[in-house]
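Geometric and topological summary
Spelled out from the first residue to the last, the chains are:
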Amino acid sequence: MRKPFIAGNWKMNNTREAAKALVNALVPLVADVETVEMAVAPTFTCLQDVAELLRGTRIELSAQNISYAAKGAYTGEISADMLKDVGCTHAIIGHSERRQFFGETDEGVARRVRAALDNDIVPIVCIGESLAERESGKTFDVVLGQLVNGLASVKREEAARVVVAYEPVWAIGTGKTATPDQAQEVHAAIRAKLNELFGAEVGEAMRIQYGGSVKASNAKELLGQKDIDGALVGGASLVAEDFAAIIKAAI
Ligand code: 13P
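What comes next concerns the included structure. Given the structure is predicted, the values throughout are model-derived calculations rather than measurements. (Residues numbered from 1 in each chain as written. Predicted model: local features only at pLDDT ≥ 70, side-chain atom pairs only at ≥ 80, totals over all residues. Heavy atoms only, no water.)

Quick notes on the site of the ligand
The condition is simple: Whether a residue is near a molecule or strand depends on its heavy atoms: it is near if one of them lies within 4 Å of it. Here a polar contact is taken to be a pair of N or O atoms separated by no more than 3.5 Å, where protein atoms must pair a possible hydrogen donor with a possible acceptor and residues adjacent in sequence count only if both atoms sit in side chains. Per-residue and other accessible areas follow the Shrake-Rupley method at a 1.4 Å probe size, with only the shown protein chains counted as cover for residues. Three residue categories are used. Nonpolar comprises Ala, Val, Leu, Ile, Met, Phe, Trp, Tyr, Cys and Pro, charged comprises Asp, Glu, Lys and Arg, and polar comprises the others, including Gly.
In the vicinity of the ligand, the residues found are N9, K11, H95, E167, A171, I172, G173, G212, S213, L232, G234 and G235. G173 is positioned with one of its backbone polar atoms (N or O) 2.6 Å from an oxygen atom of the ligand. Between the ligand and G234 there is a distance of 2.9 Å, counted from an oxygen atom to a backbone nitrogen or oxygen. A total of 310 Å² of accessible area belongs to the ligand in isolation, and the protein chains cover 95% of it. Classifying every residue of the shell around the ligand gives three nonpolar, seven polar and two charged.

Structure (structure tokens):
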């Protein structure tokens, strides 16, 4: 059985005081949750403070990005080593906002996935189609293309560590969630491709999160789908009670 995995992507929100308040509110709400893997992904500037507050809890710490390079002349980048140093166990890679606004490519995603795996950081690899791509019938081509290219360097024996997040771009921050059927249809195609790439034993063990306007009110139905193994939550992860309710919907 795949353990459900709920992660909160805070995006570019919260200075340190707000981040600490959010974590302090969240920790007691989910203290008794054992059957769901949980993580939060604060901004880089809050990682250290959040790491201290998460110590001794079951909530894991994720970065929102990771450099493909190990060190050196890469102004503005943060390496896997640095993330580990501050307590990160996970990194979100290839989020659609990075693809859309910061020129992230499938090739860059593949290199970042490699850097993460080489440093024992779990990559949360984001893929998803835009509204125009969906409306022109390209959803599966786009999503599976991003998947295959982004995981190009992943070896079969490493693949079980990788988490995939399917986030239809048209559902992110818009309040428009994919229906459970729409999401499951794409998740099933992702699963089939993972099975093809890494063998069924590995593919069936890999977690595929759904992301895009996940809320306490729709989480249970989405998470009830066969191939939806968790959620990558944006807006609702900024409110402790809402995020805790989504985590509890996965129990
Ligand atoms: P929202 O939950 O705000 O739609 O964001 C989803 C997302 O992009 C998580 O990475």
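Brief notes about the nonpolar core
One recurring pattern in soluble globular proteins is that nonpolar side chains are buried together. Note the cut-off: Think of a nonpolar core as a cluster: buried Ala, Val, Leu, Ile, Met, Phe, Trp, Tyr and Cys residues, connected wherever their side-chain atoms sit within 4.5 Å. Relative accessibility decides the category of a residue: with a 1.4 Å probe and only protein chains considered, values under 20% of the type maximum give buried, values over 50% give exposed, and everything between is partly exposed.
Ranked by internal contacts, the top residues of the largest apolar core, which has 70 residues, are I6, V40, V50, I190, L194 and Y210. Among the nonpolar cores identified, the runner-up in size contains 11 residues, and I92, I124, V163 and A165 belong to it.

Things to note about the sheet that holds strand β4 (residues 90-93)
This is how the line gets drawn: By this definition, two strands are paired if DSSP reports at least two bridges between them. Where helices and strands are cited, they refer to DSSP runs of H or I of at least four residues and of E of at least two residues respectively, numbered from the N terminus. Note on method: axes are straight lines fitted to C-alpha atoms, helices fitted across the in-contact stretch only, with angles between N-to-C directions ranging 0 to 180 degrees.
The sheet built from eight strands closes into a barrel, its strands ordered β1-β2-β3-β4-β5-β6-β7-β8 with parallel pairing. Taken over all neighbouring pairs, the strand axes of this sheet differ in orientation by 25 degrees on average, direction set aside.

Some details on the pairing of strand β3 (residues 59-63)
Here is the rule we go by: Orienting the strands away from the viewer, one traces the path from the first strand over the helix to the second; a clockwise path indicates a right-handed crossover.
Buried residues dominate β3, accounting for four of its five residues. Bridge count for strand β2 (residues 37-41) against β3 is three bridges, and the pairing is parallel. What sits directly across from V40, in β3, is L61. Since β2 and β3 lie parallel, the crossover through helix α2 (residues 47-54) that links them has a hand, and here it is right-handed. Strand direction decides the pairing type here: β3 and β4, joined by two bridges, are parallel. Across the sheet, A63 pairs through a bridge with A91, a residue of β4.

Considerations on the side chain of H90
Stated precisely, the cut-off is as follows: What makes two residues a contact is simply this: any of their non-hydrogen atoms within 4.5 Å.
Here H90 shows up in strand β4. A residue is classified by how much of its surface remains accessible, and H90, at 3% relative accessible area, is buried. Among the polar contacts listed, one links the side chain of H90 to the side chain of E37, at a separation of 3.4 Å. Reaching out from H90, the side chain makes a polar contact with the side chain of T89 at a distance of 2.7 Å. Dropping the residues within four chain positions of it, H90 is found in contact with F5, E37, E60, L61, S62, A63, I121, V122 and I124.

A short note on the pairing of strand β7 (residues 207-211)
With five of five residues buried, β7 is to be regarded as a mostly interior element. Residues R207, Q209 and G211 point to one face of β7 and I208 and Y210 to the other, with burial holding for every one of them. Bridge count between strand β6 (residues 163-166) and β7: four bridges; the pairing is parallel. Looking at β7, one finds that Y166 is bridged to Y210. Both β7 and strand β8 (residues 230-233) contribute to a ladder of two bridges, which runs parallel. Looking at the pairing, Y210 lines up with A231 of β8.

Shape is all these values report; function is a separate question.
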